[in-house]
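Analysis of the macromolecular model
Read off the chains here:
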Amino acid sequence: MTDPSRATIAELRDLVVSGRMSASEICKAHLGRTRAVDDRVKAYRSVLERQALAEADAVDRARRESRPLGPLAGVPIAVKDVLCTQGTPTTCGSRILENFVPYYDATCVARLREAGAVIIGKTNMDEFAMGSSTENSAFEVTRNPWDLTRVPGGSSGGSAAAVAAGMVPAALGTDTGGSIRQPAALCGVPGLKPTYGRVSRYGLVAFASSLDQAGPFGRTVADVARILQVIAGHDPLDSTSAPEPVPDYLGGLERGIAGLRIGVPKEYFPAGLDAEVHGSVRAALAAAERLGASIDEVSLPHTEYAIPTYYIIATAEASSNLARYDGVRYGLRAAGAPDIAQLFRKTRNAGFGAEVKRRIMLGTYVLSSGYYDAYYLKGQKVRTLIRRDFEDAFRRVDLLITPTTPSAAFRIGEKVDDPLAMYLSDIFTVTINLAGLPGMSIPCGLTRDGLPIGAQIIGPRFGEDVVLRAAAALEGAMQFRDRHPPLPR
Amino acid sequence: MTYETIIGLEVHCQLLTASKIFCGCRTRFGDPPNTNVCPICLGMPGSLPVLNRTAVDYAIRAALTLDCDIRPRSIFARKNYFYPDLPKGYQISMYDQPLAVGGHLDIEAGGARRRIGITRIHMEEDAGDLRSPEEAHAYYSALRNLLVDIGVTDGNMEEGSLRCDANVSLRPKGQAAFGTKAELKNLNSFRFVQKALEYEIRRQTQLLDAGQRVAQETRLYDSEEDKTYTMRSKEEAHDYRYFPEPDLLPLLVEKEWIEEVRKSLPAKLLSQRREEYITAYGLLAQVATTLTSSQPMADYFEATATAAGDHKAAANWISGEVLARMKEGGFDIVVLKSKLPPERLGGLIARVKDGTVSGSTGKEVLETILRTGQDPDEVIRSSGLAQVSDEGALEEAIEKVVAASPGQLAQYKAGKTTLLGYFVGQVLKATGGKANPALVNRLLKERLDR
Ligand SMILES: [Zn+2]
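Residues numbered from 1 in each chain as written. Chains lettered and ligands numbered in written order. Predicted model: local features only at pLDDT ≥ 70, side-chain atom pairs only at ≥ 80, totals over all residues.

1. Structural notes on the nonpolar core
In terms of nonpolar packing, the biggest core is built from 203 residues, with Ile77(A), Val118(A) and Leu399(A) touching the most fellow members. Apart from residues no more than four positions distant in its own chain, Val118(A) is found in contact with Ala23(A), Cys27(A), Ala52(A), Glu55(A), Ala56(A), Val59(A), Gly74(A), Val75(A), Pro76(A) and Ile77(A). Counting residues in each nonpolar core, the second largest holds 30 residues, with Leu270(B), Leu291(B), Ala314(B) and Val352(B) among its members. (Core = buried A, V, L, I, M, F, W, Y, C linked by C-beta atoms within 7 Å. Buried ≥ 20, exposed ≤ 12 C-beta atoms within 10 Å, placed from the backbone. Contact = placed C-beta atoms within 7 Å.)

2. A closer look at the domain arrangement of chain B
You can read the domains of chain B as domain 1 (3-261), domain 2 (270-382) and domain 3 (391-448). Between the C-alpha centres of domain 2 of chain B and domain 3 of chain B the distance comes to 33 Å. (Domains from an automatic or database assignment.)

3. Let's talk about the packing of helix H15 (residues 420-430) of chain B against helix H16 (residues 437-448) of chain B
All names here are of chain B. In the contact formed by H15 and H16, the axes pass within 10 Å of each other and the chain directions differ by 125 degrees. For the element pair H15 / H16, the angle class is oblique. The element H15 and its partner H16 pack so that their crossing is right-handed. Each of Leu420, Phe423, Val424, Val427 and Leu428 in H15 lies in contact with H16, whose residues at this interface are Pro437, Val440, Asn441, Leu444, Lys445 and Leu448. For the contact of H15 with H16, the residue count by class is 9 nonpolar, 1 polar and 1 charged. (Axes fitted to C-alpha atoms, helices over the stretch in contact; angles between N-to-C directions. Helix = DSSP H or I, 4+ residues; strand = E, 2+ residues; numbered from the N terminus. Parallel < 35°, antiparallel > 145°, perpendicular 65-115°, else oblique. Left-handed = near helix turned anticlockwise from the far one by under 90°. Nonpolar A, V, L, I, M, F, W, Y, C, P; charged D, E, K, R; others polar.)

4. Here's the deal with the interface of chain A and chain B
Each partner contributes residues to the interface: chain A has 33 residues there, and chain B has 24 residues. Elements represented by at least two residues in the side of chain A that touches chain B include exactly helix H9 (306-321), helix H10 (340-351) and helix H11 (354-367) of chain A. By residue number, the principal contributor to the side of chain A that touches chain B is H9(A), which donates 3 residues.

5. As for the sheet that holds strand S13 (residues 243-244) of chain B
Hydrogen bonds along the backbone pair up the strands of a sheet, which may run parallel or antiparallel. All names here are of chain B. One open sheet accounts for 3 strands, arranged S5-S4-S13; its pairing is antiparallel. Edge positions in the sheet fall to strand S5 (90-94) and S13, since each of these pairs with one other strand and no more. Where strand S4 (residues 76-80) and S13 come together, 2 bridges link them in antiparallel fashion. Its bridge partner being in S13, Arg78 is matched across the sheet by Phe243. (Pairing = 2+ DSSP bridges.)

6. Some points on H11(A)
Here H11(A) spans 20 Å end to end across 14 residues, near enough to the 20 Å set by a 1.5 Å rise per residue. Residues of H11(A) that are buried in the fold lie against H9 and helix H12 (373-393) of chain A together with S13 of chain B. (Expected span 1.5 Å × (residues − 1).)

As structure tokens, then:
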């Protein structure tokens with residue numbers, strides 16, 4: 001019988017629809033796997049056992065009553081704790097929202113539910129999605145299933161680790177500067193950040209509104225396509241969600257990579273790049289060429305300004321987005337404040353962690369009168385230049401392929417005291433958020449130490465279909481699917 | 001020293017939209033607190049604003065009426081500050097790219113007409129440039145009337161639909177540079193705007209005369225004491241850290257949208273109608289103001305005048321008798337229209353004009369119409385109130401009166417012509433007050449001078 005903790009969404013749905021396995025059994029199998037390994041991995045903030053079993057039960061009842069089953073019927077899915085889930089805690093990895101229970105679903109979560117998915121748990125993350133290792137969670141450090149002494153990446157480290165460890169077939173993350181793609185690369189699973197505006201941000205607790213985007217992790221590229229199909233599309237509750245029609249992502253997957261022009265931006269292969277990362281990504285490019293794609297070197301000349309630009313814009317927006325956590329309406333409220341100003345100060349001082357405070361201060365600074373022009377305004381101008389770099393490149397090529405990260409998973413604690421080193425682990429991913437483009441990480445090899453390496457596929461705006469097509473072709477060629485982390489079965 | 005005063009007003013006007021500007025919640029004043037709320041207006045984590053198109057319609061209306069230049073592309077911005085009643089920790093506003101710029105409003109203050117410039121309109125505020133508290137008062141009330149006129153607000157200051165902040169600075173006459181300005185808050189009536197500004201100008205004049213400086217600060221007006229107090233100084237002034245609101249797209253207003261809104265505006269503004277009443281119909285300014293207190297009132301006046309065939313008479317009746325009845329009965333123009341349709345009032349005025357009834361009888365007829373809802377001609381006929389305008393009948397009555405007053409006739413003939421009044425009174429008495437006084441006058445004169 002199929003091992004549900006390694007099955008794809010299509011296989012799981014088939015089991016449910018054919019009646020060979022009930023949604024409840026599938027849910028229990030994943031809950032069992034979670035009990036067996038999550039005390040070591042610590043991917044989840046909360047496992048919604050009772051609620052998930054009730055949802056699975058509802059799917060089984062629908063089947064018995066011959067009611068139509070959705071495209072994700074009975075498929076367990078984990079959701080990053082930054083996406084609002086009605087009636088269950090949504091902490092954003094922060095003390096300040098430790099007891100916050102929203103009475104509404106994020107639009108992408110609501111769409112998963114409508115498609116029959118079973119929301120099985122909320123995953124750990126860096127506080128307010130600020131970080132690249134999940135070490136900034138106020139609650140616990142998630143571990144990399146491939147090596148428990150190493151980080152899973154971040155900020156969606158919990159979602160990536162849960163999928164990599166076989167605890168769930170798919171998960172939602174969010175990506176502001178690489179927070180889906182970087183943990184996907186470090187945990188050896190496919191993960192996609194869609195075009196800005198492709199997926200509604202309603203119910204995604206904002207970090208940087210002009211950069212944030214939710215997207216899926218899966219066991220396979222096809223699974224990622226299946227989830228995207230469900231969550232993509234315009235939402236009247238999000239003015240920045242795009243009205244563009246949603247193509248049939250799954251239908252296009254088999255079309256292969258032959259004939260596609262792939263650009264290799266030279267700025268993403270610097271002299272000091274980790275040799276094993278370099279080698280694996282080059283191997284992926286060679287595979288693409290064998291499958292009939294053409295490879296061309298391109299240039300994205302403003303790449304070197306990406307990190308400072310990103311940290312100006314993201315922190316500016318964050319400083320404003322996080323102003324609402326003041327202890328007045330919900331979340332943590334500091335005790336013993338003599339007046340309202342003290343309440344604000346004490347609540348925020350106690351509720352936010354060091355990295356969040358650092359970014360609020362940075363963002364407040366770059367927006368302050370006298371500094372706005374030199375930082376925020378200049379940042380916006382450079383952002384436009386970065387966007388143009390990509391537009392120019394996509395006049396010549398269909399896709400770009402780069403390493404997702406400069407190195408494989410680093411050790412827990414290794415960069416925690418060096419914010420700049422931590423920021424640089426997003427050096428290949430932040431540009432894609434600044435340009436608002438779709439980007440996907442797929443596993444393309446292992447280091448000698450057995451750590452996954454990710455290749456990043458970047459497409460033009462709303463080019464998720466082409467990105468997924470190429471990812472599926474490379475997935476087949478790289479034969480990574482048979483590799484599993486060394487966790488006990 | 002004599003100083004020149006510069007006053008700027010920032011007027012906040014609550015639009016009459018059914019729902020709030022960035023969510024679907026209703027905007028009804030007086031509902032219990034926290035009933036018209038949702039995750040969006042509570043600023044709950046993950047919620048996002050969505051712009052209400054009707055609010056933009058209304059802002060465009062105001063911009064068109066104030067002759068502003070409507071920008072094809074404007075940008076919402078976040079104004080960041082901490083405040084207990086500010087759920088998100090920022091207010092969505094407009095900053096360097098507002099909806100409309102460069103309009104004006106004409107006012108009358110102290111007998112002079114002035115054109116007050118309007119710097120900008122965004123979804124919630126206007127600012128102008130004024131030279132006296134009296135002008136500020138006139139501007140604020142003219143602006144209120146206009147915004148109510150075009151239906152974008154109810155203009156209710158008690159409910160906070162309209163608020164106003166003012167800033168004021170003095171400079172020695174002849175100096176080009178502006179003086180340091182103080183911002184005044186809490187000016188929630190027309191009178192307070194004027195009084196707070198008057199106080200503030202006195203205060204600043206005393207400071208400057210004593211060689212002291214005016215501090216740049218925000219001051220609060222206390223209407224009980226008629227004084228302004230420091231609320232916060234410049235050192236405590238906010239740095240609002242404005243930046244473009246990333247949750248909303250730029251607001252694009254195409255020509256078609258503006259034209260669509262233009263069609264919904266009243267054909268004539270009240271200020272234009274008032275002007276017309278004075279110049280074309282020769283009405284007194286005060287009467288014209290009364291008749292243009294609202295579009296329905298002006299419509300009522302014009303319909304009445306058409307039915308009466310006389311604008312002046314209609315104006316006098318409405319601003320006098322009818323308005324007094326409305327005040328007495330405590331009813332508004334809508335009720336008036338149903339109780340006394342303009343055609344009916346016009347008909348009555350016509351009957352007075354053509355002498356069917358006297359002016360004082362007309363007032364009685366008006367009472368009856370308001371009470372019974374009858375037609376004026378019906379009232380006049382059924383109650384026998386019509387004047388006697390039959391010359392034969394009147395001549396007969398006159399002969400009787402003259403015959404009964406030989407002494408008075410002799411005195412009149414001897415030159416005491418003021419006795420005409422005595423004879424008129426006697427004839428009116430004899431006809432039970434129904435005689436047409438003008439006719440009696442003429443016939444009597446003819447008879448006595450014979
Ligand atoms: Zn609301």
